[in-house]
Amino acid sequence: MSGTKSGGHADDPFQEGGGSLLRQPKAVWATAGASVVAFMGIGLVDPILPSIARGLHASDSQVSLLFTSYFLITAFAMLVTGFVSSRIGGRRTLLAGLALVVVFAALSGMSGSVGELVGFRAGWGLGNALFVSTSLAVIVGAAAGGSAAAILLYESALGLGMACGPLLGAILGDMKWRYPFFGTAVLMAIGFVAITAFLKEQPRPARKTSLLDPIRALGHGGLASAAVAAFFYNYAFFTVLAFTPFVLDMSPYSSGGVFFAWGVLLAVFSVLVAPRLQHRFGSLKVLGGSLLLLAADLLVLGYGDHTTAVVCTVLSGAFIGLNNTVFTELALGVSDAPRPVASAGYNFVRWFAAAAAPFLAPRIEEWTDLHVPFVVAAAAAVAGAGIVAVRRRALTIEAAELEPRHAAQDGVSAFAN
């Protein structure tokens, strides 16, 4: 990825024409629709965290483990998903992931204690990892109009899911905190039926992926640098997602509205704004600047009044959208490892931060005060920007050298955003 142009996105994400994006086979729409629901599951519990805490007589730090168990399992699952999909095929991997989500989402809704709910969320995380880590490769393989249109469709599904998850959680959770879990189970069951009906089995890769391939891929200095920088960024990201609802202390509807606006900004800046900024300023400048702006936003969020906290929470979606897109492209293009393998190694590292932030932020508040978790998160974002600056040479590649080789490989990254 050169210092002046993005190597992953086209200059204009719609350059292939709106028709090619919209005229897709039913299999693509079925997979994309299920992807929306899968990403909804990440932020679904955001507006109902206080309600869950009251309903199960749990503390804020106990309820935050819903994110920790989910993403801890997701991190380890990154080493398994390529191993599984290269042996049983993309379609069966998708269906296995969906089946697990249906079962564990339903069990989550029936939980009698916070311990049960945390355990069921871990099973949900495994199912989601299997599904999402395979869905982009399946969409690209089945899509019409080229990989650019397919990736844009996938990123749109991600943004829509991240935006709608808190809204669905608020609407159903306002009636009872258990209902969002049952709603997710029903929607994923519909996705299971749609994929069973419309998606044919995809070609399997010529070479089977081993469990250690993603770890070996991290031996590349550029990919390791991107993964470590993304680790610190993800700590900041999931402080916003998992800790801010307790700070805002709003009704499910109000909290859902805040995070819906947050998700809309995330989607717009990820799909539409990031490619244009990358083309004009270069990927690393956009990434470093966005990380520093996120750090400043977190500091203002932590020390401002309630209205300021709401505004900064929504605004953080813009910086998170930019960071997601650029980090994804770095992970896909900075090394010569196959894209699914590079993505698995990258995600294995960064999802540990998504597990750590929800666990640590409420405890830091207990040990200190309400402001310090946001100071720590801001420091993490600055650390990510520092790694990008120091390791600039390792992260800078000529995209033209790698794109032909990557284009010949089966599949692309998934769960990279």
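Only a predicted model underlies this, so the values are computations on that prediction, with no experimental measurement involved. (Residues numbered from 1 in each chain as written. Predicted model: local features only at pLDDT ≥ 70, side-chain atom pairs only at ≥ 80, totals over all residues. Heavy atoms only, no water.)

Chemist: Even after reading the chapter, I still don't get the overall build of the chain, so can you show me in this structure?
Modeler: Along the backbone of the chain there are 18 helices and zero strands. Among the 417 residues that make up the chain, the fraction classed as buried is 58%. In the chain, once contacts between residues fewer than 6 apart in sequence are set aside, the share between residues at least 24 apart is 88%. (Helix = DSSP H or I, 4+ residues; strand = E, 2+ residues; numbered from the N terminus. Buried < 20%, exposed > 50% of the residue type's maximum accessible area, 1.4 Å probe, protein only. Contact = heavy atoms within 4.5 Å.)

Chemist: Can you help me understand the packing of aromatic side chains in this one?
Modeler: Given two aromatic rings, their pairing is described by the distance between the two centres and the angle made by the two planes. Scanning the model with the defined rule gives 19 aromatic pairs in all. Aromatic side chains Phe76 and Phe348 sit 6.0 Å apart centroid to centroid with 70° between the ring planes, which places their arrangement in the edge-to-face category. Highlighted residues: Phe76 in helix 5 (residues 65-88) and Phe348 in helix 15 (residues 339-367), separated in sequence by 272 residues. On the basis of relative accessible area, Phe76 is assigned to the partly exposed category, the value being 45%. Residue class for Phe348 comes out buried when judged on its relative accessible area of 15%. Judged by centre distance (4.3 Å) and plane angle (25°), the rings of Phe237 and Phe238 are stacked. Between the NZ or CZ atom of Arg87 and the centre of the ring of Phe83, over which it lies, the distance is 3.8 Å. The ring of Trp124 is capped by Arg121, whose NZ or CZ atom sits 4.8 Å from the centre of that ring. (Phe/Tyr/Trp six-rings, centres within 6.5 Å; stacked < 30°, edge-to-face > 60°. Lys NZ or Arg CZ within 6 Å of the ring centre and 35° of its normal.)

Chemist: Would you take a moment to explain the environment of Gly183 for this structure?
Modeler: Within the element layout of this structure, Gly183 appears in helix 9 (residues 179-198). Residue classification places Gly183 among the buried positions, given a relative accessible area of 17%.

Chemist: Got a minute to help me understand helix 2 (residues 26-43) in this structure?
Modeler: Think of an α-helix as turning once every 3.6 residues; residues three or four places apart then point the same way. Taking 1.5 Å of rise per residue, 18 residues should cover 26 Å, and helix 2 covers 27 Å from first to last C-alpha, within 8% of that figure. Counting buried positions along helix 2 yields 15 of 18 residues, so the element is predominantly enclosed. (Expected span 1.5 Å × (residues − 1).)

Chemist: Can you help me understand the packing of helix 11 (residues 221-248) against helix 13 (residues 283-303) in this one?
Modeler: In a packed pair of helices, the relevant descriptors are the angle between the two axes and the axis-to-axis distance. In the contact formed by helix 11 and helix 13, the axes pass within 11 Å of each other and the chain directions differ by 35°. As for the relative orientation of helix 11 and helix 13, their crossing is left-handed in sense. Judged by residue contacts, Tyr233, Ala236 and Val240 of helix 11 engage Leu291, Leu294 and Leu298 from helix 13. Of the residues that constitute the contact of helix 11 with helix 13, the class distribution is six nonpolar, no polar and no charged. (Axes fitted to C-alpha atoms, helices over the stretch in contact; angles between N-to-C directions. Left-handed = near helix turned anticlockwise from the far one by under 90°. Nonpolar A, V, L, I, M, F, W, Y, C, P; charged D, E, K, R; others polar.)

Chemist: Looking at this model, I keep getting lost on the confidence of the model for the chain. Mind explaining?
Modeler: Do not read the predicted coordinates in detail wherever pLDDT is low. Looking at the chain as a whole, its pLDDT mean stands at 83, while 87% of the residues score no less than 70. Mean pLDDT across the elements of the chain ranges from a minimum in helix 18 (residues 399-407), with 39, to a maximum in helix 16 (residues 372-390), with 97. Across residues 1-19, where pLDDT falls below 50, the model places 56 contacts with residues more than four positions away in sequence or in other chains. Residue range residues 398-417 is modelled with pLDDT below 50. Its contacts to residues more than four positions away, or to other chains, number 67 contacts. (pLDDT = per-residue confidence, 0-100.)

Chemist: Sorry if this is basic, but what is going on with the nonpolar core here?
Modeler: The nonpolar side chains of a soluble globular protein tend to be buried with one another. Within the largest apolar cluster, 122 residues are counted, with the highest numbers of intra-cluster contacts made by Ile52, Phe71, Ile195, Phe238, Trp262 and Phe327. Ignoring sequence-local partners within four residues, the contact set of Trp262 consists of Met162, Phe237, Val240, Leu241, Thr313, Val314, Ser316, Gly317 and Ile320. (Core = buried A, V, L, I, M, F, W, Y, C linked by side-chain atoms within 4.5 Å.)

Chemist: Any chance you could explain the side chain of Thr93 here in plain terms?
Modeler: On the secondary structure map, Thr93 appears in helix 6 (residues 90-109). Among the residues examined, Thr93 registers a relative accessible area of 1% and is labelled buried. Discounting residues that sit within four places of it in the chain, Thr93 has contacts with Val84, Ser85, Ile88, Leu130 and Thr134.

Chemist: Please clarify how the environment of Ser86 should be interpreted in this entry.
Modeler: Mapped onto the fold, Ser86 is located in helix 5. Residues Ser86 and Arg207 lie 121 residues apart in sequence; the distance between their C-alpha atoms is 7.6 Å. In terms of polar contacts, Ser86 uses its side chain to reach the backbone carbonyl oxygen of Gly82, at 2.9 Å. (Polar contact = N/O pair within 3.5 Å; in protein donor to acceptor, adjacent residues only side chain to side chain.)

Chemist: Hey, could you run me through helix 15 in this one?
Modeler: If you check helix 15, its first and last C-alpha atoms are 42 Å apart, about what 29 residues at 1.5 Å a residue would give, namely 42 Å. Of all bends in helix 15, the biggest is about 30°, found at Ala356, and the proline Pro358 comes one to four residues later. (Bend = angle between axes of the 7 residues up to and from the residue.)

Chemist: Looking at this model, I keep getting lost on the packing of helix 12 (residues 252-281) against helix 13. Mind explaining?
Modeler: Closest axis-to-axis distance for the helix 12/helix 13 pair is 7 Å, and the angle between their directions is 120°. Across the interface between the two elements, Leu277, Gln278 and Phe281 of helix 12 pack against Ser283, Lys285 and Val286 of helix 13.

Chemist: Got a minute to help me understand a nonpolar patch on the surface in this structure?
Modeler: A cluster of nonpolar side chains, Val80, Leu211, Leu212 and Ile215, forms an exposed patch at the surface whose accessible area comes to about 310 Å². Tracing the backbone through its elements, the reader meets Ile215 in helix 10 (residues 213-217). Under the relative-accessibility criterion, Ile215 is labelled partly exposed at 36%. (Patch = residues over 30% accessible without salt bridge, like charges linked within 9 Å, V, L, I, M, F, W, Y side chains within 5 Å. Areas by Shrake-Rupley, 256 points an atom, 1.4 Å probe, with all protein chains shown as cover. Salt bridge = Lys/Arg side-chain N within 4 Å of Asp/Glu carboxyl O.)

Chemist: Whenever I open this one, unusual backbone geometry confuses me. Can you help?
Modeler: Most of the time, phi is negative for any residue but glycine, and the peptide bond is trans. Of note, His57 is a non-glycine position whose phi angle comes to about 55°, a positive value. Residue placement: His57 occurs in the loop between helix 3 (49-55) and helix 4 (60-63). For His57, a relative accessible area of 74% gives the class exposed.

Chemist: Looking at this model, I keep getting lost on the environment of Phe76. Mind explaining?
Modeler: Along the sequence, Phe76 and Ala344 sit 268 residues apart, while their C-alpha atoms lie 9.6 Å from each other. Once you skip the residues sitting within four places of it in the chain, Phe76 turns out to touch Phe348 and Phe352.

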